[in-house]
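A structural walkthrough
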Amino acid sequence: MKNAFFKGHGLGNDYIALNPKDLDFKLTPKTIRAICDRHWGVGSDGILALTASRKADFGLRIYNPDGSEAEKSGNGLRIFGCYLFATKITKRRSFSVETKGGLVHIDLEVDRRGQVVGATVDMGRATFQPRALPCTIRAPELILQPIKAVGQSLRFTGVSVGNPHCVVFKDKGGKWTREDLLRMGPELENHSIFPKRTNVQLAVPTGPKSLYILIWERGAGETQASGSSSCAAASAGVRLGLIKSPVTVKAPGGTLLITVDAQYNLTMKGPVAEVYQGQLHPAFLTPAK
Ligand SMILES: N[C@@H](CCC[C@H](N)C(=O)O)C(=O)O
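Since the model is a prediction, treat every value here as computed from it, not as a measurement.

The environment of the ligand is made up of 15 residues, and the closest members are Asn13, Gly74, Glu217, Gly227 and Ser228. Arg218 places a side-chain nitrogen or oxygen 2.8 Å from an oxygen atom of the ligand. With respect to the ligand, the side chain of Ser228 contributes an N or O atom lying 2.5 Å from an oxygen atom. If the ligand stood free it would expose 370 Å²; the protein chains cover 100% of that surface. Taking a 2 Å distance to the grid points as the criterion, the majority of the atoms of the ligand fall inside the largest cavity. Contributing elements (two or more residues each) for the shell around the ligand: strand 2 (13-18), helix 2 (74-86) and helix 4 (227-239). Residues of the shell around the ligand, tallied by class, amount to two nonpolar, ten polar and three charged. Counting only domains with at least three residues in the shell around the ligand, you end up with domain 1 (4-122 + 272-288) and domain 2 (130-263).

Turning to the state of the cysteines, a few remarks are in order. The full count for this structure, using the stated rule, is zero disulfides. Unpaired in this structure, Cys36 has its nearest cysteine sulfur neighbour in Cys82, at a distance of 18 Å. Free cysteine: Cys231, not disulfide-bonded; nearest cysteine sulfur from Cys166 at 17 Å.

Attention shifts here to empty space enclosed by the protein. For the structure on display, the rule yields one cavity of 30 Å³ or more. Its boundaries defined by the atoms lining it, the largest cavity holds a volume of some 90 Å³. Elements supplying a minimum of two residues to the lining of the largest cavity: strand 2 and helix 4. If you count residues domain by domain, the lining of the largest cavity takes at least three from each of domain 1 (4-122 + 272-288) and domain 2 (130-263).

The next subject is the UniProt feature "binding site: substrate" (unreviewed entry) in the protein. Feature annotation in UniProt places "binding site: substrate" (unreviewed entry) on Asn13, Asn64, Gly74, Asn75, Asn163, Asn199, Glu217, Arg218, Gly227 and Ser228, given in this structure's numbering. Lining residues of the largest cavity drawn from the annotated set just named are Asn13, Asn64, Gly74, Asn163, Asn199, Glu217, Arg218, Gly227 and Ser228. One can find Asn75 in helix 2. Sequence-distant contacts of Asn75, that is, excluding residues within four places in its chain, are made with Gly10, Asn13, Ala225, Ser226, Gly227 and Leu256. For Asn75, the side chain forms a polar contact with the side chain of Asn13, separated by 2.9 Å.

Chain-level statistics for the protein give a pLDDT mean of 97 and a share of 99% at 70 or above. Of the two predicted TM-score estimates for the complex, the pTM is 0.97 and the ipTM is 0.98.

What counts as what
Residues numbered from 1 in each chain as written. Predicted model: local features only at pLDDT ≥ 70, side-chain atom pairs only at ≥ 80, totals over all residues. Heavy atoms only, no water. Near = heavy atom within 4 Å. Polar contact = N/O pair within 3.5 Å; in protein donor to acceptor, adjacent residues only side chain to side chain. Areas by Shrake-Rupley, 256 points an atom, 1.4 Å probe, with all protein chains shown as cover. 1 Å grid on protein atoms, 1.4 Å probe; cavity = no way out; pocket = protein on both sides within 12 Å on 5 of 7 lines; lining within 4 Å. Sits in = over half its atoms within 2 Å of the grid points. Helix = DSSP H or I, 4+ residues; strand = E, 2+ residues; numbered from the N terminus. Nonpolar A, V, L, I, M, F, W, Y, C, P; charged D, E, K, R; others polar. Domains from an automatic or database assignment. Disulfide = S-S within 2.5 Å. Points joined across faces, edges and corners; volume = space filled by probe spheres on them. UniProt positions renumbered as here; feature names shortened; annotations may be inferred. Contact = heavy atoms within 4.5 Å. pLDDT = per-residue confidence, 0-100.

Structure below.
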């Protein structure tokens, strides 16, 4: 079907999945912004575009609603798996996907109705090395590095899980507010030490194996949940000795289970839901003058 798209969400982090070959226009920063716009378009936290891959069963390019490209997305990968199965692009429940942030493996959970309801994704390996994010700080690892934002002196842990993350912890019993996120998120995302910008998590340990996070995504702003953010916050918490794996990461949209092994290899398990399938109106991107 011309201009066909699929809409799904993982814990309220919503994505549009499509095959660019079905579109009668090009995916450009401008058309991506138009489709993701919540008032003027379909509305989403990003676009998942199917591509061919020589290394994996499928290739995936991930776009943020501001038109920028991301290397990886945890919720995006679960939704992409759901899209491939629901639209019958594959009948398989287990397959590999190549992203710009590395190769991952997805195992789908399908219910009795044949509906994909969850997925476990082998998300690759976390690293704290500055060049991986990138970050301009000269240190072997970005562990509790000082940073100034909104006039405050903070300590952050920088993590790459394929895409970049800046995790700021509060001690157990502490509390981050949405106001903190809205003040600090944009400044940290665009801080000069992160030349490709960064995703931001305000995190607090809530138990020996659990965290609560608020999320500010690069190119998207505040989101209800984020798979790669959950992986980053869990890795940082384990690295700092604040928590142990497997880690239950709770965000405003819900909970993901993240396993971090001794080499910081990550798996993410969580729900996914199809919302609808549709077709962009032919005149959507070319309104009459
Ligand atoms: N929502 C995602 C992360 C999407 C990409 C991110 N905004 C970036 O620019 O790296 C997730 O679930 O991981």
